[in-house]
Amino acid sequence: MASLTQKAKAAHVVVECGPELYHLECYRRENGDDGTIMYLSKHYQKTESLTPADGAIRAGNFMKDVESLKQNAFNFKQARELAKSTNAFEDVELDDLGFAGA
């Protein structure tokens, strides 16, 4: 990310997403994981025309992804650094980024 404009745009996304993540965490604490997954499942059924089973799977996967982000599991900072050093992300293997079983 070479320009200051790109860095500002990336930072702005964090500011935009922050309130929604806050409300997600509040909802989880108030209604538990099951209640949150049920809410998300209904949301995905409505907005993505999913079946109840597929909505539940989609909701569960979303919750797992949020947890992974909170735990820094994707190693995006390291991925960016490796991509800069190799100058081509295609040369970077997932196991170089710490993904077990990749």
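Thresholds, definitions, all that
- Residues numbered from 1 in each chain as written.
- Predicted model: local features only at pLDDT ≥ 70, side-chain atom pairs only at ≥ 80, totals over all residues.
- Heavy atoms only, no water.
- Phe/Tyr/Trp six-rings, centres within 6.5 Å; stacked < 30°, edge-to-face > 60°.
- Buried < 20%, exposed > 50% of the residue type's maximum accessible area, 1.4 Å probe, protein only.
- Lys NZ or Arg CZ within 6 Å of the ring centre and 35° of its normal.
- Helix = DSSP H or I, 4+ residues; strand = E, 2+ residues; numbered from the N terminus.
- Polar contact = N/O pair within 3.5 Å; in protein donor to acceptor, adjacent residues only side chain to side chain.
- Expected span 1.5 Å × (residues − 1).
- Arc of directions from axis to C-beta.
- Contact = heavy atoms within 4.5 Å.
- pLDDT = per-residue confidence, 0-100.

(A) The packing of aromatic side chains, seen in detail. Counted by the stated rule, this structure contains two aromatic pairs. Each ring, one from Tyr-27 and one from Tyr-39, has its centre 5.3 Å from the other, and the planes form 45°; the classification is tilted. Owing to a relative accessible area of 29%, Tyr-27 belongs among the partly exposed residues under this scheme. Centroid distance Phe-74 to Phe-76: 5.6 Å. Interplanar angle 35°. Geometry classified as tilted. The class of Phe-74 is partly exposed, set by a relative accessible area of 25%. Lying over the aromatic face of Tyr-44, Arg-58 brings its terminal NZ or CZ to 4.1 Å of the ring centre.

(B) Summary view of the environment of Thr-51. Along the chain, Thr-51 turns up in the loop between helix H1 (4-48) and helix H2 (52-70). For Thr-51, the side chain forms a polar contact with the main-chain nitrogen of Asp-54, separated by 3.1 Å.

(C) Structural context of H2. With 19 residues, H2 extends 27 Å between its outermost C-alpha atoms, agreeing within 8% with the 27 Å of an ideal straight helix rising 1.5 Å per residue. Of all the residues in H2, the buried ones are Gly-55, Ala-59, Gly-60, Met-63 and Val-66. The buried residues of H2 occupy an angular sector of 135° when the element is viewed end-on, so they sit on one face. In this structure, H2 carries Ala-53, Ile-57, Lys-64 and Leu-69 as exposed residues pointing more than 90 degrees from its buried face. Residues of H2 that are buried make contact with H1. Asn-72 occupies a position one or two residues after H2 and carries a positive phi of about 60°.

(D) Up close: unusual backbone geometry. One non-glycine residue, Ser-49, lies in the positive phi region at around 55°. When you line up the elements, Ser-49 lands in the loop between H1 and H2.

(E) Broad picture of the confidence of the model for the protein. Taken as a whole, the protein shows an average pLDDT of 87; of its residues, 82% reach a score of 70 or greater. Considering each helix and strand of the protein separately, the mean pLDDT is smallest for helix H3 (residues 76-86), with a value of 86, and largest for H2, with 96.

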